[in-house]
Amino acid sequence: LSERLSGVFDRLTKQGALSEDDVKTALREVRVALLEADVSLPVAREFVKKVQDQATGQAVTRSVTPGQQVVKIVHDALVDTLTGEEDPGKLKIDNPPAPVLMVGLQGGGKTTTTAKLAKRLKEKEGKRVLMASLDVYRPAAMDQLAVLGAQIGVDTLPIVPGQKPVDIAKRAKQQATMGGYDVYMLDTAGRLQIDEVLMQEVEDVRDVVKPRETLLVVDGLTGQVAVEVAEEFDRKIGISGVVLTRMDGDGRGGAALSMRAVTGKPIRFVGLGEKMDALETFEPERIAGRILGMGDIVSLVEKAQETIEAEQAERMMRRFKKGQFNMNDLKMQLEQMMKMGGMESIMSMMPGMGKMAKQVQEAGFDDKVIRQQVALINSMTKKERANPQILQASRKKRIAAGAGMEVSDLNKLLKMQRQMSDVMKKMGKMGKGGMLKQAMR
Ligand code: GDP
Ligand code: MG
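Residues numbered from 1 in each chain as written. Chains lettered and ligands numbered in written order. Predicted model: local features only at pLDDT ≥ 70, side-chain atom pairs only at ≥ 80, totals over all residues.

Run through unusual backbone geometry, naming residues and quoting values.
Omega for the bond connecting Pro96 with Pro97 falls within 30 degrees of zero, at -5°, which places this linkage in the cis form. Note on placement: Pro97 falls in the loop between helix H4 (66–82) and strand E1 (98–103). Although it is not a glycine, Asp38 sits at a positive phi angle of roughly 80°. Here Asp38 is to be found in the loop between helix H2 (20–36) and helix H3 (41–55). Classification of Asp38 by C-beta neighbours within 10 Å gives buried; the count is 23. A positive phi angle, close to 60°, is found at Arg246, a residue other than glycine. Position of Arg246 relative to the elements: it lies in the loop between strand E6 (241–245) and helix H10 (254–263). Note on Arg246: 20 C-beta atoms within 10 Å, which makes it buried. (Helix = DSSP H or I, 4+ residues; strand = E, 2+ residues; numbered from the N terminus. Buried ≥ 20, exposed ≤ 12 C-beta atoms within 10 Å, placed from the backbone.)

Explain helix H9 (residues 224–236) residue by residue, including any values.
Between the first and last C-alpha of H9 there are 19 Å, a value that for 13 residues agrees with the 18 Å anticipated at 1.5 Å per step. Every buried residue of H9 is listed here: Ala226, Val227, Val229, Ala230 and Phe233. All buried residues of H9 fall inside an arc of 160° around its axis, so they share one side. Of the residues one or two after H9, Gly238 is the one with positive phi, at around 85°. (Expected span 1.5 Å × (residues − 1). Arc of directions from axis to C-beta.)

So, the domain arrangement of the protein chain: which residues are in play, and what are the values?
Once the domains are mapped, the protein chain shows domain 1 (2–83), domain 2 (98–281) and domain 3 (322–440). Domain 1 and domain 2 are separated by 39 Å when their C-alpha centres are compared. Going through the elements one at a time, H2 and H4 are the ones with two or more residues in the side of domain 1 that touches domain 2. It is H4 that provides the largest number of residues to the side of domain 1 that touches domain 2, a total of 3 residues. A per-class count over the side of domain 1 that touches domain 2 returns 6 nonpolar, 2 polar and 2 charged. (Domains from an automatic or database assignment. Nonpolar A, V, L, I, M, F, W, Y, C, P; charged D, E, K, R; others polar.)

Can you break down the pairing of strand E5 (residues 213–219) residue by residue, with the values?
Summarising burial for E5: 6 of the 7 residues are buried, a large majority. Sheet topology places E1 next to E5; 4 bridges connect them, and they run parallel. Residue pairing in the sheet places Met102 in a bridge with Leu215 of E5. Across 5 bridges, E5 lies against E6 in parallel orientation. When the bridges of E6 are listed, Leu215 appears paired with Gly241. With H9 bridging E5 and the parallel E6, this β-α-β connection has right-handed handedness. (Pairing = 2+ DSSP bridges. Right-handed = clockwise from strand over helix to strand, strands pointing away.)

So what about the environment of Gly323? Which residues, and what values?
Tracing the chain through its elements places Gly323 in the loop between helix H12 (295–321) and helix H13 (327–340). The class for Gly323 is partly exposed, based on 15 C-beta atoms found within 10 Å. Along the chain, Gly323 and Lys425 lie 102 residues apart, while their C-alpha atoms are 3.8 Å from each other.

Mind laying out the packing of helix H5 (residues 110–125) against helix H6 (residues 139–152), listing which residues take part and the relevant values?
In contact at an axis separation of 10 Å, H5 and H6 are set at 25° when each is read in the N-to-C sense. The angle between H5 and H6 places the two elements in the roughly parallel class. For H5 against H6, the interelement crossing comes out right-handed. Residue-level inspection shows Thr111, Thr114, Ala115, Ala118 and Lys119 of H5 in contact with H6, the latter providing Ala141, Gln144, Leu145, Leu148, Gly149 and Ile152. (Axes fitted to C-alpha atoms, helices over the stretch in contact; angles between N-to-C directions. Parallel < 35°, antiparallel > 145°, perpendicular 65-115°, else oblique. Left-handed = near helix turned anticlockwise from the far one by under 90°. Contact = placed C-beta atoms within 7 Å.)

The following block contains the structure:
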């Protein structure tokens, strides 16, 4: 029975690799999904090309189609692209008072986001925050921030009519220093389009306060426009991050991918509504799912992969309990070890294997050795793997040569397999399978 089972498994891994055609067909759909999600054409094209190389030749998980598998690969690549080294939710606000400059076009959501962020800093990080509006063009804008401040219990800089933005910024800095605030947030004026006067004004403010963070607030529904705005602001002002607003709308959020791909700037937060707590830390997983719009497929593939891993473990446990441990088992173990990082750590977790773990350590058993051992097993026939006891001199020579190793190396491997098989037999008799199973989890 075990022979038949391992046969099935072999067949699966062999025929289940993604062909170039599978990948191409699936990626055509993915490209459409990306464009529909408002990812810019060059970014979508570049991305699909990258994934194509990555995906071809990869194994297909049983019970999913190649197309589904490609979708999962694309999803993972999206998450990868959207994930930066920084922690998006953590603003650099040391050395109080830390200036945070909020920039962007008019109507993008700057004022709202300034207040949302202030609330978050206050409630989640216990910061003392001062907000100031530099929007001298629309009197209502200053009132808007004051009203929001009162609503969330965050101080705003008193309004002095007739002051220029740079002077308000200086006043905010002064007040923040004297008042012992941790952070002061400057909500700048926006225009409907990028213009020189606006940029100059923001540059002047930047030079006066030297912000620790300069956050660009853009409407996530505006797609390509948002990306152009980000590029322009980054060139002129230098931004440290992006907040995408209106992500509660129907848009699929493709701007996030374009933004990251084109500017390389991290997306820090997303706005999910008009209310003061409708602001969340940017989560690559969530946006990736939304951009692709194929969440069902992604979770299907994940589930299939989990099921197979669980089945494999089950099957191995059954064999171990019976005291069976051939080269196929050893290979699986070795591969598992490579994945999980280090043989010693795993063996020392397994009951009865502490001694072997020590031997392994003494033998200088590292990843390279494990790879060589897998190569040796790969160069055995199916029959030899299932019954390693049939190996005599000529077979041994052939196998070692096939893996580019010495017969003495193969003998070491065989010894190891025998030892493990003995341990399994003993444990099977002791009925400790349960413990082993636990240790392997
Ligand atoms: P500003 O001109 O950049 O300061 O933009 P505002 O902060 O005044 O926002 C303009 C409008 O967009 C207001 O009506 C906000 O309530 C709304 N808004 C801001 N952020 C979001 C968001 O994430 N979702 C939704 N649905 N509306 C938002
Ligand atoms: Mg405003």
